[in-house]
Amino acid sequence: MSSAQDPFYIVKEEIQDSIEKLQSSFHKWEEVTLDAAERDHLTKEILAGCESIQWQVVELEKTISVAARDPSWYGLTEVELEKRRRWTSTARTQVSNVKNAVVAGRDNLNAGATRRELMRLPDSNQSDRSNQYIARNNDDFISSESDRQLLLIKQQDEELDELSASVERIGGVGLTIHEELLSQERILDELGTEMDSTSNRLDFVQKKVAMVMKKASVKGQLIMIFFLIVLFIILFCLVFLT
């Protein structure tokens with residue numbers, strides 16, 4: 001089976017595309033120009049992508065384990081199996097590195113925000129007018145942030161829908177791989193049964209021929225040889241051409 005037709009390489013290509021998109025989002029996440037809201041949204045998106053890719057890699061590793069039980073049945077070699085194991089291991093490491101870096105950055109950011117909040121002390125000397133001005137500004141800021149958060153949530157829902165569709169597509173490919181393996185196993189079983197039946201028939205015919213040859217004269221042997229040739233041609237047509 002060529003690489004273009006092998007279900008493993010179809011799934012591998014989709015996972016590789018997802019990893020490249022994940023790394024692109026991670027590079028954007030590393031930019032210092034992002035504000036807190038954008039960084040928080042991108043953090044959630046990256047972590048969700050990591051979870052999805054890790055699940056896909058685990059499912060792909062399960063198919064490799066199934067094929068490793070009897071590689072010859074699936075037309076694979078140990079070299080090919082090892083190559084596939086190395087790729088899944090590399091993919092798992094790439095995703096884990098991105099996830100660990102984002103989680104560590106998020107924790108550091110939350111810790112810094114907590115420290116800044118604790119360091120804020122109330123000023124008892126502010127006038128009532130200043131308090132009213134600050135309160136009005138706070139209301140405007142909260143309203144603006146609320147609208148912005150709603151927009152970000154909507155965008156995140158759309159991205160999660162796309163991610164869900166991708167997961168369903170991967171699941172469908174996994175089911176196709178499973179059905180293909182079962183179909184090939186049934187074909188091999190049927191072929192083995194037919195070969196055993198044909199072998200038994202040929203053994204029976206050979207024994208009968210040997211018995212007849214012992215009892216027949218030279219002329220009878222020639223007739224019998226001619227008859228057997230005709231019979232062989234008929235059997236050949238029945239077994240291999242029908």
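Quantities reported herein were computed from a predicted structural model and do not represent experimental measurements. (Residues numbered from 1 in each chain as written. Predicted model: local features only at pLDDT ≥ 70, side-chain atom pairs only at ≥ 80, totals over all residues. Heavy atoms only, no water.)

Q: I'd like to hear about the overall build of the chain, residue by residue, with values.
A: When you go through the chain residue by residue, the secondary structure sums to five helices and zero strands. Going from N to C terminus, the chain has its helices and strands arranged as α-α-α-α-α. If you take every contact in the chain between residues at least 6 apart in sequence, the share linking residues at least 24 apart comes to 74%. Summed over its atoms, the accessible surface of the chain is roughly 17,700 Å², and 58% of this surface lies on carbon and sulfur atoms. (Helix = DSSP H or I, 4+ residues; strand = E, 2+ residues; numbered from the N terminus. Contact = heavy atoms within 4.5 Å. Areas by Shrake-Rupley, 256 points an atom, 1.4 Å probe, with all protein chains shown as cover.)

Q: Describe the packing of helix 1 (residues 7–29) against helix 2 (residues 36–69), naming the residues involved and giving the relevant values.
A: Between two packed helices, what matters for the description is the angle formed by their axes and the separation of those axes. Look at helix 1 against helix 2: their axes get within 10 Å of each other, and the N-to-C directions meet at 160°. Comparing the axis directions of helix 1 and helix 2 gives the class roughly antiparallel. In this structure, helix 1 crosses over helix 2, and the sense of that crossing is left-handed. Contacts between helix 1 and helix 2 involve Phe8, Val11, Ile15, Ser18, Ile19, Leu22, Ser25, Phe26, Lys28 and Trp29 from the former and Arg39, Leu42, Thr43, Glu45, Ile46, Gly49, Cys50, Ile53, Gln56, Val57, Leu60 and Ile64 from the latter. (Axes fitted to C-alpha atoms, helices over the stretch in contact; angles between N-to-C directions. Parallel < 35°, antiparallel > 145°, perpendicular 65-115°, else oblique. Left-handed = near helix turned anticlockwise from the far one by under 90°.)

Q: Help me get a handle on helix 1, residues and values and all.
A: With 23 residues, helix 1 ought to run about 33 Å at 1.5 Å a step, and its terminal C-alpha atoms sit 33 Å apart, in line with that. Looking at helix 1, one finds that the buried residues are Pro7, Phe8, Tyr9, Val11, Ile15, Ile19, Leu22, Ser25, Phe26 and Trp29. (Expected span 1.5 Å × (residues − 1). Buried < 20%, exposed > 50% of the residue type's maximum accessible area, 1.4 Å probe, protein only.)

Q: Before we move on, can you summarise the nonpolar core with the specific residues and values?
A: In terms of nonpolar packing, the biggest core is built from 28 residues, with Val11, Ile15, Leu22, Ile46, Ile53, Val98 and Val102 touching the most fellow members. At the level of secondary structure, the elements contributing two or more residues to this core comprise helix 1, helix 2, helix 3 (78–119) and helix 4 (128–215). Top element by residues in this core is helix 2. It accounts for nine residues. (Core = buried A, V, L, I, M, F, W, Y, C linked by side-chain atoms within 4.5 Å.)

Q: For the UniProt feature "transmembrane region" (unreviewed entry) in the chain, give the residues involved together with the corresponding values.
A: In the numbering adopted here, UniProt assigns the feature "transmembrane region" (unreviewed entry) to residues 222–241. Secondary structure content for residues 222–241 is 95% helix and 0% strand, and the end C-alpha separation is 28 Å. (UniProt positions renumbered as here; feature names shortened; annotations may be inferred.)

Q: Which residues make up the pattern of salt bridges, and what are the values?
A: Evaluated as defined, the whole model comprises seven salt bridges. The shortest N-O distance in the salt bridge between Lys62 and Glu59 comes to 3.4 Å. Placement of the pair is Lys62 and Glu59 together in helix 2, with a separation of three residues, close to one helical turn. Overall, the relative accessible area of 47% leaves Lys62 in the partly exposed class. A salt bridge links Glu82 to Arg85; the nearest nitrogen and oxygen atoms lie 3.6 Å apart. (Salt bridge = Lys/Arg side-chain N within 4 Å of Asp/Glu carboxyl O.)

Q: Would you mind going over the packing of aromatic side chains in detail, with residue names and values included?
A: The final tally for this structure, using the stated rule, is three aromatic pairs. Seen from their ring centres, Phe26 and Trp29 are 5.8 Å apart, and the 15° between their planes marks the pair as stacked. Highlighted residues: Phe26 and Trp29, both in helix 1, separated by three residues, approximately one helical turn. Trp29 carries the same exposure label as Phe26, and that label is buried. The aromatic ring of Phe8 is capped on one face by Arg84, whose charged end is 4.3 Å from the ring centroid. (Phe/Tyr/Trp six-rings, centres within 6.5 Å; stacked < 30°, edge-to-face > 60°. Lys NZ or Arg CZ within 6 Å of the ring centre and 35° of its normal.)

Q: Got a sec to walk through the side chain of His41? Specific residues and values, please.
A: Take His41: it is sitting in helix 2. With relative accessibility at 12%, the residue His41 sits in the buried group. Beyond its immediate sequence surroundings of up to four residues, His41 is in contact with Leu152, Gln156 and Glu159.

Q: Go over the confidence of the model for the chain with me, naming the residues and quoting the values.
A: With 77% of its residues at a pLDDT of at least 70, the chain reaches an overall mean of 77. In this model residues 112–127 is a low-confidence stretch, pLDDT under 50, and it forms two contacts with partners more than four residues away in sequence or in other chains. (pLDDT = per-residue confidence, 0-100.)

Q: Tell me about a negative patch on the surface, and name the residues and values.
A: Taken together, the side chains of Asp157, Glu158, Glu159, Asp161 and Glu162 make up a negatively charged region of the molecular surface. Mapped onto the fold, Asp157 is located in helix 4. (Patch = residues over 30% accessible without salt bridge, like charges linked within 9 Å, V, L, I, M, F, W, Y side chains within 5 Å. Lys, Arg positive; Asp, Glu negative; His and termini not counted. Charge placed at Lys NZ, Arg CZ, Asp CG, Glu CD.)

Q: Tell me what's going on with the side chain of Arg84, and back it up with residues and numbers.
A: Within the secondary structure layout, Arg84 lies in helix 3. Once residues within four sequence positions are removed from consideration, Arg84 is found in contact with Asp6, Phe8, Tyr9, Ile64 and Leu76.

Q: So what's going on with the environment of Trp29? Which residues, and what values?
A: On the basis of relative accessibility, which here comes to 8%, the residue Trp29 falls in the buried class. In this structure, the C-alpha to C-alpha distance between Trp29 and Thr43, residues 14 residues apart in sequence, is 7.3 Å.

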